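# Tertiary structure, described
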2 protein chains.
Amino acid sequence: MDESSPLSLTPIGVMASDYPDKFGVPRQPGLVEAARGVVSLVAPYDAPLAVDGITAYSHLWLSFVFDRSPEIWRPRVRPPRLGGNTRVGVFATRSTHRPNRLGLSVVRLLDVATSSRPALPPWELAGMAGMRPARTHLLIGGHDLVAGTPIVDIKPYLPWADACGEANADLAPTPPSRLVVQWEPVAERVVTARADVAALRALIEQVLAQDPRPAYRRGDADRVYGVALRDVDVRFVVEAGEADEGPGVVRVVEIVPGASQPPM
Amino acid sequence: MDESSPLSLTPIGVMASDYPDKFGVPRQPGLVEAARGVVSLVAPYDAPLAVDGITAYSHLWLSFVFDRSPEIWRPRVRPPRLGGNTRVGVFATRSTHRPNRLGLSVVRLLDVATSSRPALPPWELAGMAGMRPARTHLLIGGHDLVAGTPIVDIKPYLPWADACGEANADLAPTPPSRLVVQWEPVAERVVTARADVAALRALIEQVLAQDPRPAYRRGDADRVYGVALRDVDVRFVVEAGEADEGPGVVRVVEIVPGASQPPM
């Protein structure tokens, strides 16, 4: 092969997601188990036969393209995980700013809907950004993909090949620490009135516990941030976000309809 | 994004490998721990800084292209794991015959060599197919990539995100069963005389234990097969390969210089 010749890559699917925007998306899959998404296969890859047997697997690998990241890369990046100031080699990170912009996430497979078996529960899809008609959909959970992300491959997860329990990862040895989430009554009332109350509450709490603020803003307490989740904008304040002060607190101050949504 | 527009993919590296050819390559990574390979980064992705910090990780994900597979796909494939006759959806398999021909393997990172730190032990590289000069090399183990395979991404393995120990995989729940390997004295003498005797013996035994014969030939006992490993051709016979007869036996009958190698 001539390694200077580019290969081409065609999307086989596109994401609908509880994450309408990049901001707030967790930095790895599995950190927000409440997140729901739908992979809608696109023609000519949307034949229901192409997913025949896939429900034998509880987890799937999604390969995708970080299409919201710029097509520029540098040999070193400053990952948020290291505080946003330390530079490491791009191939020693999962940064979105990388050659080929390829992403990789293991997700939970929750359901399959095809033209012959349309079975997705409607409450799972309410408020999800980017839903579209398709012959074949996969409902997934625990993902970290923004709505509209192009999917370029789907593979089954094989625990005996993919689970390396003894692996060392000294630059990121454990999941990020979590903030404690507290609710203002006015915000809680909005969530309690929703049909998807349990799912939306879990989604908001798990996303905010990750501290979605950019690393360079971590000292910027009392500022009100907004994160788009499903069809709402969640306004929050981080009251103590530094690791050396014990677990920080994130407070949900308001929940309003999302930018492109009708009033609630 | 317009999902009908192809994205382009540029190789960031190319493999040198103990596997000169497709035949004999195990069907998942980790099954042949003795396998060694080298990812040689290609310009402009070969800056030593691009792998700065990578030795903090014991395992890496390689995304690559099955460039020896035809660029045709069908909604269903017949995986060897299911005996070669049962059809399942292509996205329910890791078949190489898939849209975009993307491969994904977790491998062990053994060493890094850059222009400022050229440290690969020569005995590891002796006989490896496809070695080339480069500014930056990664020595890897336990892989399943053929020499010349284009690498399109390298990411660290994060056990807290990637190890789903509780995952179900009912179509392929356990590693494939292994054959018992026996040696003809004439073959054993050739291996014993080599400088890389321990590594080569382990490689041969682990590869043959996988039963590299094509699924449709599993009934074809006593036929002599040849598999290329490092710089040798290994001739073998499978004496009882059916699962219902207990563990089969594979016998190493002869080891000769590889096709493109000088005489030993």
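Given the structure is predicted, the values throughout are model-derived calculations rather than measurements. (Residues numbered from 1 in each chain as written. Chains lettered and ligands numbered in written order. Predicted model: local features only at pLDDT ≥ 70, side-chain atom pairs only at ≥ 80, totals over all residues. Heavy atoms only, no water.)

## Focus: the sheet that holds strand β11 (residues 225–229) of chain B
Residues and elements named next belong to chain B. Across the sheet, four strands lie side by side as β10-β13-β12-β11; this open sheet has mixed pairing. Of all the strands in the sheet, just β10 (180–183) and β11 have a single pairing partner and so form its edges. Pairs of neighbouring strands in the sheet enclose a mean axial angle of 35°, with direction left out of account. With four bridges connecting them, β10 and strand β13 (residues 249–257) associate as parallel partners. (Pairing = 2+ DSSP bridges. Helix = DSSP H or I, 4+ residues; strand = E, 2+ residues; numbered from the N terminus. Axes fitted to C-alpha atoms, helices over the stretch in contact; angles between N-to-C directions.)

## Considerations on the sheet that holds strand β10 (residues 180–183) of chain A
Sheet strands pair by backbone hydrogen bonding; their relative direction is either parallel or antiparallel. Residue and element names in this part refer to chain A. The mixed open sheet is built from four strands, whose spatial order is β10-β13-β12-β11. Edge positions in the sheet fall to β10 and β11 (225–229), since each of these pairs with one other strand and no more. Across the sheet, the mean angle separating the axes of adjacent strands is 35° when strand polarity is ignored. Across the sheet, helix α3 (residues 185–192) lies against β10 and β13 (249–257), angled at about 55° from β13, the strand it touches most. In the packing of helix α4 (residues 197–209) onto the sheet, the strands contacted are β10, β11, β12 (232–238) and β13, and the crossing angle to β10 comes to about 130°. (Contact = heavy atoms within 4.5 Å.)

## Observations regarding empty space enclosed by the protein
Under the defined criterion, the tally for this structure stands at one cavity of 30 Å³ or more. Along its surface, the largest cavity is lined by Ser63(A), Leu102(A), Gly103(A), Leu104(A), Asp153(A), Lys155(A), Ser63(B), Leu102(B), Gly103(B), Leu104(B) and Lys155(B). Looking at the lining of the largest cavity, its residues break down into four nonpolar, four polar and three charged. (1 Å grid on protein atoms, 1.4 Å probe; cavity = no way out; pocket = protein on both sides within 12 Å on 5 of 7 lines; lining within 4 Å. Points joined across faces, edges and corners; volume = space filled by probe spheres on them. Nonpolar A, V, L, I, M, F, W, Y, C, P; charged D, E, K, R; others polar.)

## Observations concerning the packing of aromatic side chains
The final tally for this structure, using the stated rule, is nine aromatic pairs over all chains. Seen from their ring centres, Tyr225(B) and Phe236(B) are 5.7 Å apart, and the 25° between their planes marks the pair as stacked. Residue Tyr225(B) is found in strand β11, and its partner Phe236(B) is found in strand β12 (residues 232–238); the two are separated by eleven residues along the sequence. One exposure class covers both Tyr225(B) and Phe236(B), and it is buried. Arg201(A) extends its terminal NZ or CZ atom over the ring of Trp183(A), reaching a point 5.6 Å from the ring centre. (Phe/Tyr/Trp six-rings, centres within 6.5 Å; stacked < 30°, edge-to-face > 60°. Buried < 20%, exposed > 50% of the residue type's maximum accessible area, 1.4 Å probe, protein only. Lys NZ or Arg CZ within 6 Å of the ring centre and 35° of its normal.)

## Points about the relation of the copies chain A and chain B
After a rotation of 180° and a shift along the axis of 0.0 Å, chain A superposes on chain B with an RMSD of 0.0 Å. Classification of the inter-copy transformation places it as that of a two-fold axis. Here 100% of the interface residues in chain A have copies in chain B that are interface residues too; the copies meet face to matching face. (Least-squares fit on C-alpha atoms with pLDDT ≥ 70 in both.)

## Remarks on the interface of chain A and chain B
With 79 residues of chain A in contact, the opposing surface of chain B contributes 79 residues. When chain A packs against chain B, close to 7,100 Å² is buried across both sides, 63% of that on carbon and sulfur atoms. A salt bridge links Asp153(A) to Arg98(B); the nearest nitrogen and oxygen atoms lie 3.1 Å apart. Summed over the shared surface of chain A and chain B, the number is 37 residue pairs in polar contact (both at pLDDT 80 or more). When residues of the side of chain A that touches chain B are traced back to their parent elements, those giving at least two are β1 (7–9), β4 (59–65), β6 (88–89), β7 (102–114), β9 (150–156) and α2 (159–162) of chain A. The element contributing the most residues to the side of chain A that touches chain B is β9(A), with six residues. In terms of residue class, the side of chain A that touches chain B is made up of 50 nonpolar, 14 polar and 15 charged. Strand direction decides the pairing type here: β1(A) and strand β1 (residues 7–9) of chain B, joined by three bridges, are antiparallel. (Buried area = accessible area lost by both parts, 1.4 Å probe. Salt bridge = Lys/Arg side-chain N within 4 Å of Asp/Glu carboxyl O. Polar contact = N/O pair within 3.5 Å; in protein donor to acceptor, adjacent residues only side chain to side chain.)

## Some details on the confidence of the model for chain A
In the predicted model, chain A carries a mean pLDDT of 89, and 87% of its residues have values of at least 70. Two summary scores accompany this predicted model of the complex, namely pTM at 0.93 and ipTM at 0.92. (pLDDT = per-residue confidence, 0-100.)

## Quick look at the pattern of salt bridges
Applying the stated criterion across every chain yields a total of 34 salt bridges over all chains. Its salt-bridge partner being Arg251(B), residue Glu239(B) comes within 2.9 Å of it at the nearest N-O pair. Taken together, the residues span a long stretch of sequence, with Glu239(B) in the loop between β12 and β13 and Arg251(B) in strand β13 at a distance of twelve residues. Here the residues in one salt-bridge network are Asp18(A), Arg194(A), Asp196(A), Arg230(A) and Asp231(A), joined through shared partners.

## Re the state of the cysteines
Counting across every chain of the model gives zero disulfides over all chains. A disulfide-free cysteine, Cys164(A) has its sulfur positioned 12 Å from the sulfur of Cys164(B), the nearest such atom. Note on Cys164(A): relative accessible area 10%, which makes it buried. (Disulfide = S-S within 2.5 Å.)

## Topic: the pairing of β12(A)
Residue and element names in this part refer to chain A. Of all seven residues in β12, six are buried; the element is thus mostly enclosed. What sits between the antiparallel neighbours β11 and β12 is a turn of two residues, in which Arg-230 has the positive phi angle 50°. Pairing of β12 with β13 involves seven bridges; the strand directions are antiparallel. Considered in β13, the bridge of Arg-235 is made with Glu-254.

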